[in-house]
Amino acid sequence: MSPVKAGAKAGGVASAAKPPALQPIDRETLWDRAYAALREALLTGRYEPGHRILLRDVAAELGISLTPVRDAVNHLVAERILRRGTGGQGGGAVVPEVDGAQLRQLLIMRAELEGRAAFEAAAHATPDDVAMLRGLLADMKRLIDVDGHQGYLDVHRRFHFHIYALSGMEIIEDAIETLWLRCGPVLNLVLPEYVPYLKRMDYHAEAVEALARNDAEATARAIRCDILEAGRYIQALLERGRA
């Protein structure tokens with residue numbers, strides 16, 4: 001034993017405690033933040049088809065560095081939600097264009113999955129759930145008349161996904177969200193011309209009343225009709241716009 005250590009032990013003087021180690025910064029948290037923000041923007045129709053997403057712009061908005069934003073964009077590209085921009089990874093990404101044939105396929109899948117989730121949700125809907133959905137429905141009717149329809153698509157998404165969450169089928173809910181990520185930009189593109197249709201057809205209200213009765217068949221039918229009939233209308237708008 002060295003004289004210093006021996007003296008310290010003999011004199012009863014404790015050696016200085018080692019300071020606690022610094023906790024590493026969780027880089028995954030920043031990646032999650034960027035990924036969640038981009039998904040939210042796509043789900044609510046913030047970006048139209050063809051919109052170029054620049055890494056530096058997203059990083060500046062979120063107040064983080066480029067690296068987690070690049071990782072989030074790469075993940076969305078791998079999921080085929082975004083398309084790689086020109087210039088490789090440094091060029092950001094582009095929101096893909098969706099033609100009528102692709103939209104038809106997306107809507108067929110949505111109708112099947114969302115109809116099934118709505119069917120299962122009917123067994124679990126409580127009066128509180130019905131009251132919440134009626135409130136969201138009232139917000140949707142109000143926002144559709146606001147200039148630019150700001151906020152409509154966000155409330156619309158919350159309405160639908162509250163129903164799907166009641167199903168308790170998380171895997172199907174995740175698949176539905178992925179389909180919405182690909183449809184969201186199209187809805188934003190056609191929303192101004194789509195407004196008259198929204199005011200004429202009200203399958204949302206039918207779904208709420210069916211849930212209030214715990215009528216699974218009627219709930220599923222209302223959701224499927226909402227998707228498929230709206231889809232046909234949107235397809236016609238897209239085809240007319242391209243023509």
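Everything discussed here concerns the structure shown above.
Summarised in this report is the structure supplied together with it. Only a predicted model underlies this, so the values are computations on that prediction, with no experimental measurement involved.

**Topic: helix H7 (residues 152-166)**
The first and last C-alpha atoms of H7 sit 22 Å apart over 15 residues, in line with the 21 Å expected at 1.5 Å per residue. Burial analysis of H7 places twelve of its 15 residues in the buried class, the great majority of the element. Gly168 sits one or two positions beyond H7 and adopts a positive phi of about 75°.

**With respect to the nonpolar core**
Grouped burial of nonpolar side chains is what soluble globular proteins tend to show. Ranked by internal contacts, the top residues of the largest apolar core, which has 68 residues, are Leu38, Val69, Leu82, Phe159 and Ile163. No other element matches helix H8 (residues 170-200), which puts ten residues into this core. Residue contributions to this core reach at least three from each of two domains, namely domain 1 (30-95) and domain 2 (100-240). The residues contacting Ile163, other than those within four sequence positions of it, are Ala118, Ala121, Leu133, Leu211 and Ile223.

**Re the pattern of salt bridges**
Across all of its chains, the model carries eleven salt bridges by this definition. For Arg39, the salt bridge identified is with Glu177, shortest N-O distance 2.4 Å. Of this pair, Arg39 sits in helix H2 (residues 27-43) while Glu177 sits in helix H8, and the two are 138 residues apart along the sequence. The salt bridge involving Arg110 is made with Glu114; its shortest N-O contact spans 2.5 Å. In this pair, Arg110 and Glu114 both sit in helix H5 (residues 100-121), four residues apart, roughly one turn of the helix. For Arg110, a relative accessible area of 7% translates into the label buried. Salt bridges here are not isolated pairs; linked through shared partners, they connect Arg39, Glu79 and Glu177.

**Looking at empty space enclosed by the protein**
In the structure shown here, the tally under the stated rule is two cavities of 30 Å³ or more. Approximately 30 Å³ is the volume attributed to the second largest cavity. Around the second largest cavity, the lining residues are Leu43, Thr44, Gly45, Leu153, His156, Trp180, Gly184 and Leu187. Residue assignment for the lining of the second largest cavity shows that the elements contributing at least two residues are H7 and H8. With three residues, the single largest contributor to the lining of the second largest cavity is H8. Broken down by class, the residue content of the lining of the second largest cavity amounts to four nonpolar, four polar and no charged. There are two domains that each give the lining of the second largest cavity at least three residues, and those are domain 1 (30-95) and domain 2 (100-240).

**Some thoughts on the packing of H5 against H7**
Viewed as axis vectors pointing N to C, H5 and H7 meet at an angle of 60°, and their least axial separation amounts to 7 Å. Classified by the angle their axes make, H5 and H7 are oblique. For the pair H5 and H7, the crossing hand works out as left-handed. Mapping the contact onto sequence places Glu114, Ala117, Ala118 and Ala121 in H5 and His160, Ile163, Tyr164 and Leu166 in H7. The residue makeup of the contact of H5 with H7, split by class, is six nonpolar, one polar and one charged.

**Concerning the environment of Ala122**
With respect to the secondary-structure elements, Ala122 resides in the loop between H5 and helix H6 (127-143). Through-space distance from the C-alpha of Ala122 to that of Thr219 is 6.9 Å; in sequence the pair is 97 residues apart. Once residues lying within four places of it in the same chain are set aside, the contact partners of Ala122 are Leu211, Asn214, Asp215, Ala216 and Thr219.

**As for unusual backbone geometry**
In the Ramachandran plot, Arg80 falls in the positive-phi region, its phi being about 65° despite a non-glycine side chain. With respect to the helices, strands and loops of the structure, Arg80 is situated in the loop between helix H4 (66-78) and strand S2 (83-84). With relative accessibility at 60%, the residue Arg80 sits in the exposed group. We note that Asn214 has phi near 55°; this positive angle belongs to a residue other than glycine. Structurally, Asn214 is set in the loop between helix H9 (203-212) and helix H10 (216-242). For Asn214, a relative accessible area of 42% gives the class partly exposed.

**Looking at the packing of aromatic side chains**
Per the stated rule, a full pass over the model turns up three aromatic pairs. Plain terms: the ring middles of Trp31 and Tyr35 are 5.0 Å apart, the flat faces sit at 10° to each other, and that makes the pair stacked. Taken together, the residues Trp31 and Tyr35, both in helix H2 and four residues apart, mark about one turn of the helix. On the basis of relative accessible area, Trp31 is assigned to the buried category, the value being 15%. Centroid distance Phe161 to Trp180: 5.2 Å. Interplanar angle 70°. Geometry classified as edge-to-face. With a gap of 19 residues between them, Phe161 in helix H7 and Trp180 in helix H8 connect regions that are remote in the sequence. Each member of the pair, Phe161 together with Trp180, is buried. Members of the aromatic cluster, joined through ring pairs, are Phe161, Tyr164 and Trp180.

The rules behind these values
Residues numbered from 1 in each chain as written. Predicted model: local features only at pLDDT ≥ 70, side-chain atom pairs only at ≥ 80, totals over all residues. Heavy atoms only, no water. Helix = DSSP H or I, 4+ residues; strand = E, 2+ residues; numbered from the N terminus. Expected span 1.5 Å × (residues − 1). Buried < 20%, exposed > 50% of the residue type's maximum accessible area, 1.4 Å probe, protein only. Core = buried A, V, L, I, M, F, W, Y, C linked by side-chain atoms within 4.5 Å. Domains from an automatic or database assignment. Contact = heavy atoms within 4.5 Å. Salt bridge = Lys/Arg side-chain N within 4 Å of Asp/Glu carboxyl O. 1 Å grid on protein atoms, 1.4 Å probe; cavity = no way out; pocket = protein on both sides within 12 Å on 5 of 7 lines; lining within 4 Å. Points joined across faces, edges and corners; volume = space filled by probe spheres on them. Nonpolar A, V, L, I, M, F, W, Y, C, P; charged D, E, K, R; others polar. Axes fitted to C-alpha atoms, helices over the stretch in contact; angles between N-to-C directions. Parallel < 35°, antiparallel > 145°, perpendicular 65-115°, else oblique. Left-handed = near helix turned anticlockwise from the far one by under 90°. Phe/Tyr/Trp six-rings, centres within 6.5 Å; stacked < 30°, edge-to-face > 60°.

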